[in-house]
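Secondary and tertiary structure notes
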Amino acid sequence: QVQLVESGGGLVQPGGSLRLSCAPSGSIFSLSTMGWYRQAPGKQRELVALTSSGGSTTYADSVKGRSTISRDNARNTVHLQMNSLKPEDTAVYYCNAVIKITIRDPFRSFWGQGTQVAVSS
(Lines give C-alpha, C1' and ligand atoms only; values in the text may rest on other atoms or scores of the structure.)
Protein backbone atom coordinates (compact mmCIF):
# COMPACT_ATOMS: atom_id res chain seq x y z
CA GLN A 1 0.00 0.00 0.00
CA VAL A 2 1.52 3.29 -1.08
CA GLN A 3 1.41 6.15 1.40
CA LEU A 4 2.65 9.72 1.17
CA VAL A 5 5.14 10.53 3.92
CA GLU A 6 5.40 14.18 4.89
CA SER A 7 8.01 15.97 6.98
CA GLY A 8 9.13 19.44 7.94
CA GLY A 9 6.22 21.01 9.80
CA GLY A 10 6.57 22.75 13.13
CA LEU A 11 6.37 25.99 15.05
CA VAL A 12 8.00 29.07 13.58
CA GLN A 13 7.96 32.76 14.39
CA PRO A 14 6.39 35.27 12.01
CA GLY A 15 8.83 36.07 9.25
CA GLY A 16 10.50 32.69 9.56
CA SER A 17 10.86 29.87 7.07
CA LEU A 18 9.97 26.21 6.80
CA ARG A 19 10.58 23.53 4.22
CA LEU A 20 8.04 20.74 3.82
CA SER A 21 8.89 17.52 2.03
CA CYS A 22 6.79 14.62 0.81
CA ALA A 23 7.49 11.34 -0.94
CA PRO A 24 5.57 8.12 -1.53
CA SER A 25 6.61 5.10 0.45
CA GLY A 26 7.21 1.94 -1.52
CA SER A 27 7.66 1.33 -5.20
CA ILE A 28 5.63 3.19 -7.81
CA PHE A 29 5.55 3.26 -11.60
CA SER A 30 4.89 6.91 -12.35
CA LEU A 31 4.11 10.25 -10.73
CA SER A 32 2.03 12.98 -12.26
CA THR A 33 1.01 16.18 -10.47
CA MET A 34 2.28 16.74 -6.92
CA GLY A 35 1.20 19.48 -4.61
CA TRP A 36 0.44 20.90 -1.22
CA TYR A 37 -2.89 21.91 0.28
CA ARG A 38 -3.68 23.32 3.71
CA GLN A 39 -6.59 23.43 6.08
CA ALA A 40 -6.89 25.94 8.89
CA PRO A 41 -9.29 25.38 11.81
CA GLY A 42 -12.86 26.03 10.74
CA LYS A 43 -11.92 26.49 7.08
CA GLN A 44 -12.02 24.36 3.96
CA ARG A 45 -8.93 22.72 2.56
CA GLU A 46 -7.30 24.97 -0.03
CA LEU A 47 -4.60 24.70 -2.63
CA VAL A 48 -1.18 26.08 -1.72
CA ALA A 49 0.95 25.02 -4.69
CA LEU A 50 1.13 22.42 -7.45
CA THR A 51 3.85 21.13 -9.74
CA SER A 52 3.30 19.06 -12.84
CA SER A 53 5.50 16.22 -14.01
CA GLY A 54 6.97 18.66 -16.53
CA GLY A 55 7.86 21.16 -13.83
CA SER A 56 5.22 23.82 -14.36
CA THR A 57 3.95 25.36 -11.13
CA THR A 58 0.80 26.95 -9.75
CA TYR A 59 0.52 28.96 -6.53
CA ALA A 60 -2.29 30.32 -4.45
CA ASP A 61 -2.29 34.12 -4.46
CA SER A 62 -1.85 34.07 -0.68
CA VAL A 63 1.57 32.42 -0.90
CA LYS A 64 2.81 33.69 -4.26
CA GLY A 65 6.20 35.32 -3.93
CA ARG A 66 6.79 33.74 -0.52
CA SER A 67 6.76 30.05 -1.38
CA THR A 68 8.51 27.80 -3.87
CA ILE A 69 7.41 24.30 -4.81
CA SER A 70 9.96 21.98 -6.35
CA ARG A 71 10.26 18.32 -7.16
CA ASP A 72 13.07 15.80 -7.40
CA ASN A 73 11.89 13.32 -9.98
CA ALA A 74 14.76 10.94 -9.28
CA ARG A 75 13.61 10.66 -5.65
CA ASN A 76 9.88 11.10 -6.32
CA THR A 77 9.94 13.92 -3.79
CA VAL A 78 8.17 17.25 -3.64
CA HIS A 79 9.29 20.16 -1.47
CA LEU A 80 7.56 23.34 -0.40
CA GLN A 81 9.85 26.13 0.76
CA MET A 82 7.87 28.75 2.67
CA ASN A 83 9.43 32.08 3.59
CA SER A 84 8.18 35.21 5.34
CA LEU A 85 5.62 33.13 7.16
CA LYS A 86 2.58 34.84 8.63
CA PRO A 87 0.20 33.78 11.42
CA GLU A 88 -2.46 33.23 8.75
CA ASP A 89 -0.27 30.49 7.26
CA THR A 90 -1.02 28.39 10.33
CA ALA A 91 -2.73 25.21 9.17
CA VAL A 92 -2.34 21.51 8.65
CA TYR A 93 -0.51 21.06 5.36
CA TYR A 94 -1.37 18.03 3.22
CA CYS A 95 0.69 16.56 0.42
CA ASN A 96 -1.16 15.30 -2.64
CA ALA A 97 0.23 13.23 -5.48
CA VAL A 98 -1.29 11.61 -8.54
CA ILE A 99 0.34 8.21 -8.83
CA LYS A 100 0.31 5.19 -11.12
CA ILE A 101 1.44 2.39 -8.83
CA THR A 102 2.05 -0.24 -11.51
CA ILE A 103 1.92 -0.06 -15.29
CA ARG A 104 -1.51 -1.70 -15.18
CA ASP A 105 -3.03 0.80 -12.72
CA PRO A 106 -4.72 4.08 -13.58
CA PHE A 107 -3.41 7.30 -12.12
CA ARG A 108 -5.00 7.86 -8.69
CA SER A 109 -4.88 10.69 -6.18
CA PHE A 110 -3.19 10.06 -2.85
CA TRP A 111 -3.11 12.23 0.27
CA GLY A 112 -0.63 12.42 3.11
CA GLN A 113 -1.78 12.46 6.72
CA GLY A 114 -0.89 16.12 7.15
CA THR A 115 1.80 18.05 8.97
CA GLN A 116 1.08 20.95 11.31
CA VAL A 117 2.55 24.36 10.59
CA ALA A 118 2.10 26.95 13.33
CA VAL A 119 3.27 30.53 12.92
CA SER A 120 3.30 32.36 16.21
CA SER A 121 5.49 34.55 18.36
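Here we summarise the structure given alongside this text. Every residue gets a number counted from 1 within its own chain, in the order that chain's sequence is written. Predicted model: local features are reported for residues with pLDDT of at least 70 only, side-chain atom pairs are reported and counted for 80 or more only, and whole-chain, interface and lining totals are derived from all residues. Values shown for side chains rest on all heavy atoms present in the structure; no hydrogens or waters enter the calculation.

1. Some thoughts on the pattern of salt bridges
In plain terms, the rule: Salt bridge, as applied in this entry: a Lys or Arg side-chain nitrogen positioned within 4 Å of an Asp or Glu carboxyl oxygen. Partly exposed residues are those whose accessible area sits between 20% and 50% of the maximum for their type, while under 20% is buried and over 50% is exposed, using a 1.4 Å probe and protein chains only.
Under the criterion given, the structure shown has five salt bridges. As a salt-bridge pair, E46 and R38 come within 2.8 Å of each other at their nearest N and O atoms. Residue D61 is joined to K64 by a salt bridge in which the shortest nitrogen-to-oxygen separation is 3.1 Å. Of the residues examined, K64 reaches a relative accessible area of 49% and is grouped as partly exposed. Ionic contacts of the salt-bridge type, sharing partners, join the residues R38, E46, R66 and D89 into one network.

2. A word on the pairing of strand β9 (residues 91–100)
Each regular strand displays side chains that alternate between the two surfaces of the sheet. Which entries qualify depends on this criterion: Numbering of helices and strands runs from the N terminus; a helix is a DSSP stretch of H or I covering at least four residues, while a strand is a stretch of E covering at least two. Two strands are said to pair when DSSP picks up at least two bridges between them.
Among the 10 residues that make up β9, eight are buried, leaving the element largely enclosed by the rest of the structure. Bridge analysis of strand β4 (residues 30–39) against β9 gives eight bridges, and the strand direction is antiparallel. Each bridged residue has a counterpart across the sheet, and for G35 the counterpart in β9 is N96. By the bridge criterion, three bridges tie β9 to strand β11 (residues 115–119) in an arrangement that is antiparallel. Residue Y93 lies in a different strand from β11, and its bridge partner there is T115. Note that β9 and strand β10 (residues 108–111) share four bridges and pair antiparallel. Counted as the bridge partner of A97 is F110 from β10.

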